[in-house]
Number of protein chains: 2
Amino acid sequence: MNKTGKPAAGLSAEPARAADDRRARRQSAESKLQELKTRLREITDLDAVGSVLNWDHATYMPKAGAAARARQGAMLSRFRHERSVDPALGKLLDELLPCAEGLPYDSDEASLIRIARRDFEKAIKIPADYVARASALGSASYDAWTRARPANDFAAMRPYLEKAIDLSREYADYFAPYAHVADPLIDKAEEGMTAAMMGELFARLKGQLTPIVRAIADQPVPCDYCLRGFFGEAAQLAFSLSVVKRLGYDMERGRLDKTLHPFCSKFSLGDIRITTRVNEMQFGSALFAAMHEAGHALYEQGVAPALEGTPLGRGTSWGVHESQSRLWENVVGRSRPFWEHFYPVLRDEFPDRLKGTDCETFYRAINKVQRSLIRTDADEVTYNLHIVLRFNLELELLEGRLRVKDLPDAWRARMKADLGIAPADDRDGCLQDVHWYGVSTVGGGFQSYTIGNILSAQLYGAATKAYPEIPGEITNGEFGTLHGWLRTHLYQHGRKFGPGELVSRAAGAPMSIEPYIRYLHAKYGELYCLPPIAEIDHSYVNAPLHS
Amino acid sequence: MNKTGKPAAGLSAEPARAADDRRARRQSAESKLQELKTRLREITDLDAVGSVLNWDHATYMPKAGAAARARQGAMLSRFRHERSVDPALGKLLDELLPCAEGLPYDSDEASLIRIARRDFEKAIKIPADYVARASALGSASYDAWTRARPANDFAAMRPYLEKAIDLSREYADYFAPYAHVADPLIDKAEEGMTAAMMGELFARLKGQLTPIVRAIADQPVPCDYCLRGFFGEAAQLAFSLSVVKRLGYDMERGRLDKTLHPFCSKFSLGDIRITTRVNEMQFGSALFAAMHEAGHALYEQGVAPALEGTPLGRGTSWGVHESQSRLWENVVGRSRPFWEHFYPVLRDEFPDRLKGTDCETFYRAINKVQRSLIRTDADEVTYNLHIVLRFNLELELLEGRLRVKDLPDAWRARMKADLGIAPADDRDGCLQDVHWYGVSTVGGGFQSYTIGNILSAQLYGAATKAYPEIPGEITNGEFGTLHGWLRTHLYQHGRKFGPGELVSRAAGAPMSIEPYIRYLHAKYGELYCLPPIAEIDHSYVNAPLHS
């Protein structure tokens, strides 16, 4: 319009109509985006409701509620699947594609359309009957495992595991062609990662770790007597809670409960809960499990509120998630600066047990390295050897090179070769982890733990490079700078960027094992008087630890 | 077939074809019944999932989870409504009608088809947009009330209550024609009951109660000092738990938690939970609330397993439900035989507080009658006057005879007239109950409490008539005979029979206030040395207690 308020004379009707068209297109795109968000929020909410059922199952549900609970959970999964493959959702995403292309790549809207589209394209490859079969196998297998593991009865689990491997191959085939049958399974947890990439990473890591483990094994085992004895449940839980609050875990939006197997669960940005386990005859497991889960929770609590209720509103991958649990549990929680602040507080809590123990003795006790049979009990140094073993066995099972019936023997042989010890029975061997029994697919899960360990050191290194005052702050029990860096560079982005892209943006380089190996060398080299990094004899690589 | 194993010669193909037809029809009916059960189980499961969300909200949810939780609950309600009005469900029920007619009236199948049909016919009268508007008002009004009640701010609640009354009338109109606008609302809670029937019952009851309250008011107030002082939370909860287990509450299928407002919640036949509140400075509220909720839970735990996952698999009406909570809380839990057994146990739990108190003093303390402002604090005798007051106000609001803005004054005037006392503010007056603020409809709720009181005495009377040994067993802390009678005559039937029919079957007569008045006279006549029932001066009926 000109100054007179009337349409300028001499202008044809065309430009006005074009403006109207543009406005109409924009309005239509906005209403489509709104519809997309409504649809995606329903899917997110169905996930959240399922999580409430699972949390309750693990914390407070009476035993007799299990059958109905499984049925109710399966119903929610079915509703969720129906909604995530709804052709109307696909049509909406198609229509919104040009709109996304006109927006900045990392804007909330462009990211939402991009990620939702990728999720949709993956979801429609899976038939509904597969989802139902997989869900039924997962429940049945989990129930059987809770009985078979205490009974040391691998034979009982064999048919379930065989079926899970069949279902894993079937899952992979929906994403054919692939270079390796495990690739689609790995991609579920770590988008863009492949068996070949993981295999190379793990071989290099194992090559670096084995000589360290070997060198430590030659040293005297440190005494961790101070961690044993009676540490009351209420006091352990109260101390754990005070620590995780100090890390930055927001209790207005969270809570800590006791479970058999610790976990973190998200129902919304305002309700992200953690659990821990308590052993009254030992200090440590309750606190470190709580810090581990708090790491997951800090990640989820830090996602930008604008992403809430969308598929972007959660952590980007299992591996990156695990990097946060391990960073807070190990890199921070088992560090000397951390205990310089917290040990006096802890000793005041348990004066009878700790009065004769100084901070250094305590610090060495919580960092004791000892080859052990159980993954979840393993220390920082040997932990990854447990993972590499499982990852390789999974690939062989999926490829058909290893048969399920031969798994127990293969497990024992591999433990002997990699860690120098072997379990007396399957309970402490190939039956120990729920990962092969409580799910419908095998493969693609374990590697995330090691990716997490690797990234924990790399990301902590990037944070301290940016803010060299971080270790000093930790000595004062302050975590705000570290937490702030992680929130800015990782947490707030949710699933906007895939794991590879996110790590490169945050750390300034792709994932690398070097910072992690350097971290282990620095910490354990000092604790165990190991020779400097260059002097370690690498001839042990891939050689058995014990003959 | 004959002995030779061949079809008998001379039979035409016709009868064989007729048999085939019959078989085909039976198979078709069976598969239809199966489909019906699948559909109804999904609706039941959606209710159960919603209940888990509500239970968690009331027990352990962090405050900041409320907004997402409300959205998730609304989503489940929407799914539930869509399924309960699905035309395919109606078609299935039509097709199954002839099949139901061929089965015994009280068989599981005939009952299922009958009740599901009635539920469907009611559900389709309500438009989906009404359900959404009602749900939104309920949430908003509840949130506002949690702020307005402490602030004594009735003005803030006025628009919500006005809207709730509009929605109540709208609801009623979906069921027009009706004799009274409250009838469809009352029928929701108590099938077959009307405002006229309740009005007559309440007038008679008030006529009987007022002189008793008046007579008791002339007596000295008994001392309940023994109930005051410090009774630790953990000990109160442990004692409450031990009592409800003794009553027969199955902890394999239940649990007891602490909440602000006690309730009972059912997620499946295997998971029926109760909550209680604890006041550490007073003994009583935790235990009696736990027994009250355990009464609801015993009812639900006693429903026949064959009805699980169907609309028959729960108690038949609010009033009958309340009869069970009141029976176990009051008729049993505030009786002399009960405390003959439990008082010595309780005194051992709290020796410091109770060492100087004998059982009789304690018994009189827990049965103290005193006119009070708050319904939930009221004793057995005055309680129903609170209900009659609310019921009458509801009718007047719905009829339009009373305007919402005049409610606070009307409340005060009515309290003064009926109970002789009036609240200083609305917080303890017309703002006190969630019933008018946490829901989308007003009316049809409160009467169930009084129906429950009336039935509690009538049903306990029927049980002791059949088994006169029941009071003696209670003296020994045994409840098996009473529980067994209730299970057989009430609990197992679930919703198979409507409340009127169920009571007539169980008690051998329709609901009557006589057993209840007789129960109150016997108990409180003895406690307060009242004149025998015939001698009570009934001239006080409907007259104000205080001039």
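Reading the values: the criteria
- Counting from 1, residues in each chain are numbered in the order their sequence is written.
- To label them, take the chains in the order written and letter them from A, then take the ligands in the order written and number them from 1.
- The model is predicted, so local features are restricted to residues of pLDDT at least 70 and side-chain atom pairs to those at 80 or more, both for listing and for counting; the totals for chains, interfaces and linings are taken over all residues.
- Computation of side-chain values: all heavy atoms of the structure, hydrogens and water removed.
- Going along the chain from the N terminus, every DSSP run of H or I of four or more residues is numbered as a helix, and every run of E of two or more is numbered as a strand.
- In this scheme, a residue with accessible area under 20% of its type's maximum is buried, one over 50% is exposed, and one in between is partly exposed, where area comes from a 1.4 Å probe on protein chains only.
- Pairs were defined over the aromatic rings of Phe, Tyr and Trp, the Trp ring being its six-membered one, requiring ring centres within 6.5 Å. Orientation was assigned from the angle between planes: stacked under 30 degrees, edge-to-face over 60, tilted for the rest.
- We call two residues in contact when some of their heavy atoms are within 4.5 Å.
- A pair of strands counts as paired when DSSP detects no fewer than two bridges linking them.
- All axes are obtained by fitting lines to C-alpha atoms, using only the stretch in contact for helices, and the reported angles, taken between N-to-C directions, cover 0 to 180 degrees.
- Computed with a 1.4 Å rolling probe, the buried area is the accessible surface lost when two parts are put together, summed over both parts.
- Salt bridge criterion: a side-chain nitrogen from Lys or Arg within 4 Å of a carboxyl oxygen from Asp or Glu.
- In protein, a polar contact requires one atom able to donate a hydrogen and another able to accept it; more generally it is a pair of N or O atoms within 3.5 Å, and residues adjacent in sequence count only if both atoms are side-chain atoms.
- Think of it as three bins: nonpolar holds Ala, Val, Leu, Ile, Met, Phe, Trp, Tyr, Cys and Pro, charged holds Asp, Glu, Lys and Arg, and polar takes everything else, Gly as well.
- Copy-to-copy alignment: least squares on C-alpha atoms, limited to residues at pLDDT 70 or above in both.
- These descriptions rest on fixed angle ranges, namely under 35 degrees for roughly parallel, over 145 for roughly antiparallel, 65 to 115 for roughly perpendicular, and the rest for oblique.
- A crossing counts as left-handed when the near helix is turned anticlockwise from the far one by less than a right angle, and as right-handed when that turn is clockwise.

Novice: Sorry, what's going on with the environment of serine 135 of chain A here?
Specialist: All names here are of chain A. Mapped onto the fold, serine 135 is located in helix H5 (residues 128-148). By relative accessible area, serine 135 is classed as partly exposed at 27%. Residues serine 135 and alanine 74, spaced 61 residues apart in sequence, show a C-alpha to C-alpha distance of 6.9 Å.

Novice: Help me understand the packing of aromatic side chains in this model?
Specialist: The description of an aromatic ring pair rests on the distance of the ring centres and on the angle between the ring planes. Residues and elements named next belong to chain B. The full count for this structure, using the stated rule, is 60 aromatic pairs over all chains. Between phenylalanine 338 and phenylalanine 479 the ring centres are 6.0 Å apart and the planes differ by 45°, which places this aromatic pair in the tilted class. Taken together, the positions of phenylalanine 338 in helix H12 (residues 336-349) and phenylalanine 479 in the loop between helix H18 (470-475) and helix H19 (480-489) put the pair 141 residues apart, joining distant regions of the chain. The burial state of phenylalanine 338 is the same as that of phenylalanine 479; both residues are buried. When the centroid spacing of 6.3 Å and the interplanar angle of 65° are considered together, the rings of tyrosine 383 and tyrosine 449 count as edge-to-face.

Novice: Help me understand the side chain of lysine 496 of chain A in this model?
Specialist: The residue lysine 496 of chain A is located in the loop between helix H19 (480-489) and helix H20 (499-507) in this model. With residues up to four places along the chain from it excluded, the contact list for lysine 496 of chain A reads Asp106, Ser107, Asp108, Ser111, Arg114, Ile115, Leu307 and Leu312 of chain A.

Novice: Could you clarify how one ought to interpret the sheet that holds strand E2 (residues 264-268) of chain A in this entry?
Specialist: Paired through their backbone hydrogen bonds, the strands of a sheet run either parallel or antiparallel. Residue and element names in this part refer to chain A. Ordered by their spatial adjacency, 3 strands build an open sheet running E1-E3-E2, and the pairing between neighbours is mixed. Single-partner strands in this sheet number two, and they are strand E1 (256-258) and E2. If you compare each strand with its neighbour and ignore which way they point, the axes differ by 25° on average. Sheet topology places E1 next to strand E3 (residues 271-276); 3 bridges connect them, and they run parallel. Looking at E3, one finds that lysine 258 is bridged to threonine 276. On the sheet, helix H10 (residues 285-301) packs against E1, E2 and E3 and is oriented at approximately 165° with respect to E3.

Novice: In this structure, what is going on with unusual backbone geometry? I would like to understand it.
Specialist: All names here are of chain A. Geometrically, the link from alanine 176 to proline 177 is a cis peptide bond, its omega value of 0° lying close to zero. By secondary structure assignment, the location of proline 177 is in the loop between helix H6 (154-173) and helix H7 (183-189). One non-glycine residue, asparagine 152, lies in the positive phi region at around 55°. As for its placement among the helices and strands, asparagine 152 is situated in the loop between H5 and H6.

Novice: I'm lost on the interface of chain A and chain B in this one. Help?
Specialist: It is common to report an interface's size as the accessible area lost on association of the parts. Contact with chain A, which involves 35 residues of that partner, is made by 36 residues of chain B. In this assembly, chain A packs against chain B so that about 2900 Å² is buried in total across both faces, 59% of it on carbon and sulfur atoms. One salt bridge connects glutamate 42 of chain B with arginine 78 of chain A, and the closest N-O pair in it is separated by 2.9 Å. Between the two partners, chain A and chain B, sit 16 residue pairs in polar contact (both at pLDDT 80 or more). Only helix H1 (13-59), helix H2 (66-84), E2 and E3 of chain A provide two or more residues apiece to the side of chain A that touches chain B. Residue composition of the side of chain A that touches chain B, by class: 16 nonpolar, 5 polar and 14 charged.

Novice: What exactly am I supposed to notice about the environment of tyrosine 299 of chain A here?
Specialist: Residues and elements named next belong to chain A. Mapped onto the elements, tyrosine 299 comes out in helix H10. In the structure, tyrosine 299 is positioned 16 residues away from glycine 315 in sequence and 6.8 Å away in space, judged by C-alpha atoms. When neighbours within four sequence positions are excluded, tyrosine 299 is seen to be in contact with Gly315, Thr316, Val320, His321, Gln324, Leu490, Tyr491, Gly494 and Leu502.

Novice: Help me understand the sheet that holds strand E2 (residues 264-268) of chain B, please; the structure alone is not making it clear to me.
Specialist: Residue and element names in this part refer to chain B. An order of E1-E3-E2 is seen for the 3 strands of this open sheet, with the pairing classed as mixed. The open sheet has two free edges, formed respectively by strand E1 (256-258) and E2, since each of these has just one partner strand. Across the sheet, the mean angle from the axis of one strand to that of its neighbour is 25°, orientation sign disregarded. Strand contacts of helix H9 (residues 233-247): E1 and strand E3 (271-276), with the helix running at about 150° to E1, the strand carrying the most contacts. Against the sheet, helix H10 (residues 285-301) engages E2 and E3, with an angle of about 165° to E3.

Novice: For this particular structure, what's the right way to read the pairing of E2 of chain A?
Specialist: Residue and element names in this part refer to chain A. Among the 5 residues of E2, 4 are classified as buried, and the element is accordingly described as predominantly covered. Of the strand pairs in this sheet, E2 and E3 are connected by 4 bridges, and their pairing is antiparallel. Looking at the pairing, serine 265 lines up with arginine 273 of E3. Linkage of E2 to E3, two consecutive antiparallel strands, is achieved through a turn of 2 residues.

Novice: Can you walk me through the relation of the copies chain A and chain B in this structure?
Specialist: Two chain copies, one operation linking them: a rotation about an axis together with a shift along it. In the superposition of chain A on chain B (RMSD 0.1 Å, axial shift 0.0 Å), the rotation amounts to 180°. The superposition operator between the copies reduces to a two-fold rotation axis. With an isologous cut-off of 70% or more, the 100% of interface residues of chain A that recur at the interface of chain B puts this contact in the isologous class.

Novice: Would you explain the environment of serine 77 of chain A in this entry?
Specialist: All names here are of chain A. Along the polypeptide, serine 77 turns up in helix H2. Judged by its relative accessible area of 34%, serine 77 falls in the partly exposed class. With 54 residues separating them along the chain, serine 77 and arginine 23 place their C-alpha atoms 39 Å apart.

Novice: Would you explain the packing of helix H8 (residues 195-217) of chain B against helix H17 (residues 447-466) of chain B in this entry?
Specialist: Residue and element names in this part refer to chain B. Viewed as axis vectors pointing N to C, H8 and H17 meet at an angle of 60°, and their least axial separation amounts to 12 Å. It follows from the interaxial angle that H8 and H17 lie oblique. Note that H8 runs across H17; the crossing there is left-handed. On H17, the residues that touch Met198, Leu201, Phe202 and Leu205 of H8 are Gln447, Thr450, Ile451 and Ile454. Of the residues assigned to the contact of H8 with H17, the class counts are 6 nonpolar, 2 polar and no charged.

Novice: What is the right way to look at the packing of H9 of chain B against H12 of chain B in this model?
Specialist: Working note: a packed helix pair is described by the angle between its axes plus the distance between those axes. Residue and element names in this part refer to chain B. Running from N to C, H9 and H12 cross one another at 150°; their axes reach a closest spacing of 11 Å. Between H9 and H12, the interaxial angle falls into the category roughly antiparallel. The way H9 lies across H12 gives a crossing that is right-handed. Along the contact surface, H9 presents Phe239, Val243, Arg246 and Leu247, while H12 presents Phe338, Trp339, His341, Phe342, Val345, Leu346 and Glu349. Here the residues of the contact of H9 with H12 are counted per class, giving 8 nonpolar, 1 polar and 2 charged.

Novice: What is the right way to look at the pattern of salt bridges in this model?
Specialist: Should the charged atoms of two oppositely charged side chains come close, the side chains can pair. Under the definition given, this model contains 101 salt bridges over all chains. Arginine 169 of chain A serves as the salt-bridge partner of aspartate 166 of chain A, at 3.7 Å between the closest nitrogen and oxygen. A residue pair is termed a helical-turn pair when its members lie 3 or 4 positions apart in one helix, as aspartate 166 of chain A and arginine 169 of chain A do in helix H6 at 3 residues. The exposure class assigned to arginine 169 of chain A is partly exposed, which follows from its relative accessible area of 29%. Taking the shortest distance from any N to any O, the salt bridge between arginine 375 of chain B and aspartate 433 of chain B comes out at 2.9 Å. Of the two residues, arginine 375 of chain B sits in the loop between helix H14 (359-366) and helix H15 (383-399) while aspartate 433 of chain B sits in the loop between helix H16 (407-419) and H17, which places them 58 residues apart along the sequence. Taking relative accessible area as the criterion, arginine 375 of chain B reaches 6% and is therefore assigned buried. The class for aspartate 433 of chain B is buried, based on a relative accessible area of 7%. One network of salt bridges, with partners in common, ties together Glu42, Arg78, Glu82 and Arg83 of chain A together with Glu42, Arg78, Glu82 and Arg83 of chain B.

By themselves, these observations are geometric and do not establish any function.
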